[in-house]
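Report on the structure
Below, each chain spelled out in residue letters.
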Amino acid sequence: MNELSLFNNFFDDVLPAMPDFTFTRTNSLPKVDVKETKDSYDMYMDLPGMDENDVNVELDHNVLKISSVRTENKEDKGDKNEKEGKYLIRERRMTSFSRSFTLPEDVDGSKISATFKNGILALTMPRTSAPAPKKIAITAA
């Protein structure tokens, strides 16, 4: 672990517990777990309150990018349907994140799959087998 990762952990662990002043970080990045198996790399990202339509996953030149932008409306009037109740004040904000990961060379990008269940995005990135050494014949000149 280097000094930069310790500094990042300070902001991840300490600042969210502090009172909401203007200097606190309002957009924290979702945490990920990555597991390596013999056949694949598996990534799990916690995205509570989201569904599969809120998340964008792209692969571009061996860089996996996971992002989301959600805008929620702000209302200060009651809803028209009085039977279900009415909002006296309703304030929501925009939330967004973007994370990029450079994948190892042995990932088969054409076979990456993603599932979303109970607020957890799961990606499976199959590994390719390492090419066997090739014997090169030498001819006399």
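Structural data are supplied above this passage.
Residues numbered from 1 in each chain as written. Predicted model: local features only at pLDDT ≥ 70, side-chain atom pairs only at ≥ 80, totals over all residues. Heavy atoms only, no water.

1. Digging into the side chain of Ser-68
Position of Ser-68 relative to the elements: it lies in strand 4 (residues 63–70). Judged by its relative accessible area of 3%, Ser-68 is buried. Of the polar contacts made by the side chain of Ser-68, one reaches the backbone oxygen of Asp-54; its length is 2.6 Å. For Ser-68, the contacting residues outside a window of four places in its chain are Met-50, Asp-54, Val-55, Thr-95, Ser-96 and Phe-97. (Helix = DSSP H or I, 4+ residues; strand = E, 2+ residues; numbered from the N terminus. Buried < 20%, exposed > 50% of the residue type's maximum accessible area, 1.4 Å probe, protein only. Polar contact = N/O pair within 3.5 Å; in protein donor to acceptor, adjacent residues only side chain to side chain. Contact = heavy atoms within 4.5 Å.)

2. Section: the sheet that holds strand 3 (residues 56–60)
Pairing within the open sheet is antiparallel, and its three strands lie in the order 3-4-5. Strands at the two margins of the open sheet, each flanked by one partner only, are strand 3 and strand 5 (95–102). Taken pair by pair, the neighbouring strands of this sheet meet at an average axis angle of 15°, ignoring direction. Of the strand pairs in this sheet, strand 3 and strand 4 are connected by five bridges, and their pairing is antiparallel. Note on strand 4: the bridge partner recorded for Val-57 is Ile-66. (Pairing = 2+ DSSP bridges. Axes fitted to C-alpha atoms, helices over the stretch in contact; angles between N-to-C directions.)

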